[in-house]
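Okay, here's what each chain looks like letter by letter:
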Amino acid sequence: EEFYLYGLIGFAIPLLLMRYNMYLFSKQKETQVNQLQEFNRMLTENNEQLILMLSQIIDARDRSLLGHSSTVAKYVAAIGSQLNLSEEQLYDLRRGSLLHDLGKLGISEEVLQKPVRLTHAEFEVIKRHTLLGEMILQNIKGMEKIAVVIGQHHEHFDGSGYPRNLTGTGICLESRIISLCDALDTMLSTRPYKRAWTIDLVTAEIVRCSGTQFDPDIVSAFLAIVNTAAEEFFVNSTETVAATSSLRELLLNDDSK
């Protein structure tokens, strides 16, 4: 009986030690996983900040577009949520909206800031910004989808857009959303060639272009937001750009008012 007890203890101790070692190993792995998750969160945050900074640099090249990209990002997030997009889709949507005009870094300021109507040749130069932005990002790991989004954000639902005359769902969803929100901010904001429109005028124009320039489903999501959003949600982005204006002055030593 005593031998049996010692035998049982001798058998149990290694099992208990093994169990304890497994527990320590598990806790160590849990700590490592938590550290990796925290590192990944910080990396994502830093990437977001870098993208936001780059979007401000893009906008800063043209005073009339200061605040444009971040305002478009606000609108696309609202429409994306209204459409119940996944977190991954919303993440791509936000990045794509902040960088949608990336290709304008390759367009001369003489053309970008021309205070009068562009010639046909100059407009063709401006239209290249979609392909330039796509080319900049398409070989960067993790940005391949954003490259596609940027390349398609001026395509129209009926095929009348550019650069490839894509139609309907042949245009990626993120680009269809950005297309509407890009136009939305342009209409709501002051430009050298126009005054800011009221939200009522903008809404009427977007409804008029449903099925031609814009995806009808995205127009419906926009209308739902118009009916529920606070009055101050829709803004003239050129009036909310103090920080970006300072950035422009630093980048370009611009003393113009």
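Definitions and cut-offs
- Residues numbered from 1 in each chain as written.
- Predicted model: local features only at pLDDT ≥ 70, side-chain atom pairs only at ≥ 80, totals over all residues.
- Heavy atoms only, no water.
- Helix = DSSP H or I, 4+ residues; strand = E, 2+ residues; numbered from the N terminus.
- Buried < 20%, exposed > 50% of the residue type's maximum accessible area, 1.4 Å probe, protein only.
- Contact = heavy atoms within 4.5 Å.
- Areas by Shrake-Rupley, 256 points an atom, 1.4 Å probe, with all protein chains shown as cover.
- Salt bridge = Lys/Arg side-chain N within 4 Å of Asp/Glu carboxyl O.
- Axes fitted to C-alpha atoms, helices over the stretch in contact; angles between N-to-C directions.
- Parallel < 35°, antiparallel > 145°, perpendicular 65-115°, else oblique.
- Left-handed = near helix turned anticlockwise from the far one by under 90°.
- Phe/Tyr/Trp six-rings, centres within 6.5 Å; stacked < 30°, edge-to-face > 60°.
- Lys NZ or Arg CZ within 6 Å of the ring centre and 35° of its normal.
- Nonpolar A, V, L, I, M, F, W, Y, C, P; charged D, E, K, R; others polar.

Participant: Lay out the overall build of the protein chain in plain terms, naming residues and giving numbers.
Facilitator: If you tally the helices and strands in the protein chain, you get 11 helices and zero strands. In sequence order, the protein chain lays out its α and β elements as α-α-α-α-α-α-α-α-α-α-α. When burial is assessed residue by residue, the protein chain has 39% of its 257 residues classed as buried. Once local pairs closer than 6 in sequence are excluded, the contacts in the protein chain between residues at least 24 apart make up 65%. Approximately 15,100 Å² of the protein chain is accessible, and the part contributed by carbon and sulfur atoms is 58%.

Participant: Please give an account of the pattern of salt bridges that cites residues and values.
Facilitator: Per the counting criterion, the structure on display carries nine salt bridges. Between Asp101 and Lys104 there is a salt bridge whose closest N-O contact spans 3.7 Å. There is no split in this pair, since Asp101 and Lys104 are both buried. The partner of Asp215 in a salt bridge is Arg176, with the nearest N and O atoms 2.6 Å apart. Placement of Asp215 in the loop between helix H9 (199-208) and helix H10 (216-228) and of Arg176 in helix H8 (residues 173-188) is noted, with a sequence separation of 39 residues between them. One exposure class covers both Asp215 and Arg176, and it is buried.

Participant: Describe in detail unusual backbone geometry, supporting the description with residues and values.
Facilitator: In this model, Tyr162 is joined to Pro163 through a cis peptide bond whose omega is 10°. Structurally, Pro163 is set in the loop between helix H7 (144-152) and H8. The backbone of Asn165 sits at a positive phi, close to 55°, despite the residue not being glycine. Among the secondary structure elements, Asn165 is positioned in the loop between H7 and H8. For Asn165, a relative accessible area of 48% translates into the label partly exposed.

Participant: Any chance you could break down the packing of helix H2 (residues 68-82) against H8 for me, citing the residues and the numbers?
Facilitator: H8 packs onto H2 with a crossing angle of 130° between their chain directions and a minimal axis gap of 9 Å. As far as their axial angle goes, H8 and H2 are oblique. In this structure, the crossing between H2 and H8 has a hand that is right-handed. Contact residues: H2 offers His68, Thr71, Val72, Tyr75, Val76 and Ile79, while H8 offers Ile177, Ile178, Leu180, Cys181, Asp182, Leu184, Asp185, Thr186 and Leu188.

Participant: Account for the packing of aromatic side chains, with residues named and values stated.
Facilitator: For the coordinates displayed, the defined rule picks out five aromatic pairs. Their ring planes at 85° and their centres at 5.0 Å tell us that Phe233 and Phe234 sit as a pair that is edge-to-face. Put simply, the rings of Tyr75, Phe222, Phe233 and Phe234 pair up and form one aromatic cluster. The ring of Phe233 carries Lys74 above its face, with NZ or CZ at 4.7 Å from the centroid.

Participant: Go over the packing of H2 against helix H3 (residues 87-98) with me, naming the residues and quoting the values.
Facilitator: The interhelical angle for the contact between H2 and H3, taken along N-to-C directions, is 155°, at an axis separation of 8 Å. With respect to their mutual orientation, H2 and H3 come out roughly antiparallel. With respect to the hand of their crossing, H2 and H3 are arranged in right-handed fashion. For the pair H2 and H3, contact is made by Ser69, Ser70, Val72, Ala73, Val76, Ala77, Gly80 and Ser81 and by Leu90, Leu93, Arg94, Ser97 and Leu98, respectively. Partitioned by chemical class, the residues of the contact of H2 with H3 number seven nonpolar, five polar and one charged.

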